[in-house]
Amino acid sequence: MKKLSEFEKTGTVKVINVKGDKALRILEMGITPGVMLNVMRAAPLGFPIEVKIRGYALSLRESEAECIEIESGV
Amino acid sequence: MQQLSTIALVGNPNTGKSTLFNALTGLKQKIANYPGVTVEKKVGFTTISGEKVRVVDLPGTYSLNPKQLDEKIAYEVLAGKYKHEPAPDLAIVLIDASNLDRNLYLATQVMDLGIPVVIALSMIDVAEERGIEIDSKKISEQLGVPVIPIIAKNFGEAEKVIKHIEKNEIAVPGALAWNPGSDLEDAVEYITENWIRSEMDIPQRAWNIEALRFLGNDHAINEIPDLEKQHSLRNVVEKARTQLEKAGKNYSAEEVLRRYDFIEHCTSSSVSTSADVPENISDKIDEFVTHKYAGPVIFAAILLLMFQAIFSWAEPFMNLIDLTFIEAGNWVAETLPEGMLNDLIVEGVIAGLGGVVIFLPQIMFLFFFISILEGTGYMARAAFVMDGFMTRIGLHGRSVVPLMSGFACAIPGIMATRTIENWRDRLITIMVLPFMACSARLPVYALMIAAFIPDTSLFGIITLQGVTFFGLYIFGIVMAILSALVIKQFFSSKEQSPFIMELPAYKMPKWSSVAHNVYDRGKVFVVEAGRIILAISILLWFLASFPNVEIPNGLSSAEGSSELSAETVSQAQLEASYKLEHSYAGQFGHLIEPVIEPLGFDWKIGIGLITSFAAREVMVGTLNTIYSVEDEGEEALSLQKKLQRDINESTGEPVYNVWTALSLMVFFALAMQCMSTIAIVRRETNSWKWPAIMFTYMTGLAYLCSFIVYQVGMSL
């Protein structure tokens, strides 16, 4: 399963699962399985990344992006 | 309507909650810290049906399943668990219409708490611009609580919320109205019946949400102080979790997913999104502002402009304040009869008050800019751009602005760390911030460099003096980075809370909020830090003025200044010098001489180290007094000469050489020698523990580094 942290492009992906010790907060922010997530851009040095979800923009560090399993090319 | 005594205002960060709070309460607000913690508590009053009602503005939070201290307090107040704040009789949940799903998530949690809930739906104008139409009547029916649309830009709109509360009986929402499903309901009931009912002393209305917290979040279980109870709770929760897993449910995610299902169900019929959405302006701006290369450059340019403005705008005000307090002091000195009371008022109280008020222009200008940066949404972008760099040195993207402010003065910088939500990151930033070379160090650096660093040219216009000056700034920054890396080691990685930061849509700042914020910060500083600063000022005055010694007859030139002709030194200056040397501060300077001797300092510098605790630049004034330099005229030049000519009586060597000067500058770069910083750290961390640690480690580090500089230098 591909993690969001390994998705090094911009574009839309589908959230499949959220795992790990930071999962609860990530889920609470609306990153729930099944929603579409749009990777907008990366900050200097590669992380954090800016993603759009449920109509708003969110910044995720690498350790948080690692918790999110995605499906790209949807 | 029902009788109300306390209303709680709840909402996500960045929803304009403080604007609504200001509109509800006007200027009748009190800001303090919650007892024992660093979370700021805002309380105000509003009038409902002619009755005065207390409004508490809870810390902004995304969830009532708290991960950070400020969220925990918001939850505990609402649940009626918090000891120092009465449970509210009603909650107003502020919801951002342009970000409905995530805001409703919090609302469904507040609805579980068994108190009447009113939802204020703001930013419908922003939502409409994005092509989102919300039927507030329909959404109110779906949720089962009143939903009142307001335009946050318009202050009058707050009245609509009040009017609704006056006219209607607000009902308590039904328990678990978001339809958790039978499996989750069973788990909640199991935990409630087998543990919470018998073991916890909390209002019954909070049982459901407490059970849900335990079910999904191990931290909530670990917080139970009694280990035996914790153990029995864990057993109960484990059973409930196993049961859920048997039903094919993920115990840590099920609640969140169910709530979002409910929210999607509510919004599917009441929210319509138009197909042709105009191009999002925020995205356009972000393409440029958060660009890999352009982003940091833009941020640096904004910072530079900001600090240049603070510097040039604050200075006239600071001069005016300085002059006013000097004039006031002179007036009192001449009006009151001479004596101790006169001295106390003039040199202790008025000078101390002046020392407090002098910081206001910088604090208020800095917060003017910070409020604008926050209000427009840029601050989050700056943190986004800088976070990669800052995490590598143990700090946070949001640490940059406070740290840079530290170059002007640590006081506003430390106050600005409030923009860092996470306590650990905020604390580390506060602890290293005073290493930034603030403007109060300049006079000391300038004096020492001019007197003892040769003005030799290195390359072209670059001189050794210039390089030393620059080196001291870099030295401060490097020490700040190293300290941050070390301090970080003391925090277990468990305490690292997630950095999931919202990048709010750009908007025009609300000028009323900017003004409010500037006023609040000024008031907090004067009222809370000012008291400590004034008290220490009076203490320092006492140390430098007592005991009152007899001036011996025929007092001639004081020690060390014998080479100068007597004509340049007035009798009054000699007396002042004599009095200072024999005061408690003077005696203390002599007393610590053996301790500071390995750094190359004598008792005269010792006195200066004590008096400069009032503010670093006082060092120069103290040396002036000790060396009996005339107040007026070319004092800098003559003090410089006197320092160069000062001879140590026992060795016959000059007291100062280049290594003494370097050692002293290193000491000033590192030591915690500023009572105002101590006072503001006490306020912002709400304890004496952190200022004590800060004083000890900074001064210890200063001693060590000065020792190395002087000893290594002298042995060369």
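Please refer to the structure higher up on the page.
Residues numbered from 1 in each chain as written. Chains lettered and ligands numbered in written order. Predicted model: local features only at pLDDT ≥ 70, side-chain atom pairs only at ≥ 80, totals over all residues.

Participant: In this structure, what is going on with the sheet that holds strand S5 (residues 56-60) of chain A? I would like to understand it.
Facilitator: The strands that make up a sheet pair up through hydrogen bonds in the backbone, lying either parallel or antiparallel. Ordered in space as S1(A)-S6(A)-S2(A)-S3(A)-S4(A)-S5(A)-S12(B), the seven strands form an open sheet in which the pairing is antiparallel. Across the chains shown, the open sheet's two edge strands, defined by having one partner strand only, are strand S1 (2-3) of chain A together with strand S12 (500-503) of chain B. Helix-sheet contacts for helix H16 (residues 378-392) of chain B involve strand S4 (49-53) and S5 of chain A together with S12 of chain B, and the interaxial angle to S12 of chain B is about 135 degrees. (Pairing = 2+ DSSP bridges. Helix = DSSP H or I, 4+ residues; strand = E, 2+ residues; numbered from the N terminus. Contact = placed C-beta atoms within 7 Å. Axes fitted to C-alpha atoms, helices over the stretch in contact; angles between N-to-C directions.)

Participant: Got a minute to help me understand the nonpolar core in this structure?
Facilitator: Generally speaking, a soluble globular protein has its nonpolar side chains buried in company with each other. All names here are of chain B. In this structure, Leu 9, Leu 78, Val 93, Val 110 and Ile 191 are the most contacted members of the largest nonpolar core, which totals 215 residues. For this core, the leading source of residues is helix H29 (residues 658-670), giving ten residues. Setting aside its immediate chain neighbours within four residues, Leu 78 contacts Ala 8, Val 10, Leu 64, Pro 88, Ala 91, Val 110 and Leu 113. (Core = buried A, V, L, I, M, F, W, Y, C linked by C-beta atoms within 7 Å. Buried ≥ 20, exposed ≤ 12 C-beta atoms within 10 Å, placed from the backbone.)

Participant: I tried to follow the interface of chain A and chain B on my own but got confused; where do I start?
Facilitator: Frequently, the measure chosen for interface size is the accessible area removed from exposure when the parts meet. Listed as interface residues are 27 residues of chain A and, on the opposing side, 30 residues of chain B. Counting residues per element, the ones that place at least two in the side of chain A that touches chain B are helix H1 (23-28) and S5 of chain A. Residue contributions to the side of chain A that touches chain B peak at six residues, all from H1 of chain A. With four bridges connecting them, S5 of chain A and S12 of chain B associate as antiparallel partners. Paired with Ser 59 of chain A across the two strands is Met 501 of chain B, which belongs to S12 of chain B.

Participant: Just to check I follow, could you spell out the pairing of strand S6 (residues 117-122) of chain B for this structure?
Facilitator: Along a regular strand, successive side chains alternate from one face of the sheet to the other. Residue and element names in this part refer to chain B. Among the six residues in S6, six count as buried, and that is most of the element. Side chains Val 117, Ile 119 and Leu 121 project from S6 onto one buried face, and the interleaved Val 118, Ala 120 and Ser 122 project onto a second face that is buried too. Bridge count between strand S5 (residues 90-96) and S6: six bridges; the pairing is parallel. Looking at S6, one finds that Asp 96 is bridged to Ser 122. Between the parallel pair S5 and S6, the chain is carried across by helix H3 (residues 100-110), and the sense of this crossover is right-handed. Strand direction decides the pairing type here: S6 and strand S8 (residues 147-149), joined by three bridges, are parallel. Residue Leu 121 lies in a different strand from S8, and its bridge partner there is Pro 149. (Right-handed = clockwise from strand over helix to strand, strands pointing away.)

Participant: Just to check I follow, could you spell out helix H21 (residues 464-489) of chain B for this structure?
Facilitator: Think of an α-helix as 3.6 residues a turn; residues three or four steps apart then line up on the same face. Residue and element names in this part refer to chain B. The first and last C-alpha atoms of H21 sit 37 Å apart over 26 residues, in line with the 38 Å expected at 1.5 Å per residue. Turning to H21, its buried residues number three or more, namely Leu 472, Gly 476, Met 479, Ala 480 and Ala 484. Tucked inside the fold, the buried residues of H21 contact helix H19 (423-432), helix H20 (442-452) and H29. (Expected span 1.5 Å × (residues − 1).)

Participant: Is there a simple way to explain the sheet that holds S5 of chain B in this structure?
Facilitator: Residues and elements named next belong to chain B. The strand order across the open sheet built from seven strands is S2-S3-S4-S1-S5-S6-S8, with neighbouring strands paired in mixed fashion. Both outer strands of the open sheet, strand S2 (29-33) and S8, are each paired with one neighbouring strand and no more. On average, adjacent strands in this sheet sit at an angle of 25 degrees to one another, irrespective of strand direction. Two elements, strand S1 (residues 6-11) and S5, share five bridges in a ladder whose sense is parallel. Looking at the pairing, Val 10 lines up with Val 93 of S5.

Participant: I tried to follow unusual backbone geometry on my own but got confused; where do I start?
Facilitator: Most peptide bonds take the trans form, and the phi angle of most residues other than glycine is negative. Cis geometry marks the peptide bond from Phe 47 of chain A to Pro 48 of chain A, where omega comes out at -5 degrees. Counting through the fold element by element, Pro 48 of chain A comes out in the loop between strand S3 (36-42) and S4. In the Ramachandran plot, Leu 45 of chain A falls in the positive-phi region, its phi being about 75 degrees despite a non-glycine side chain. Taking the number of C-beta atoms within 10 Å as the measure of exposure, Leu 45 of chain A has 14 and is therefore partly exposed. The backbone of Asn 686 of chain B shows a phi angle near 55 degrees, a positive value even though the residue is not glycine. Looking at the secondary structure, you find Asn 686 of chain B in the loop between helix H30 (675-685) and helix H31 (689-715).

Participant: Is there a simple way to explain the environment of Gly 11 of chain B in this structure?
Facilitator: Residues and elements named next belong to chain B. Checked against the element boundaries, Gly 11 lands in strand S1. Classification of Gly 11 by C-beta neighbours within 10 Å gives buried; the count is 30. Filtering out sequence-adjacent residues up to four positions away, Gly 11 remains in contact with Lys 17, Gly 60, Val 93 and Leu 94.

Bear in mind that shape data such as this cannot, by itself, settle questions of function.
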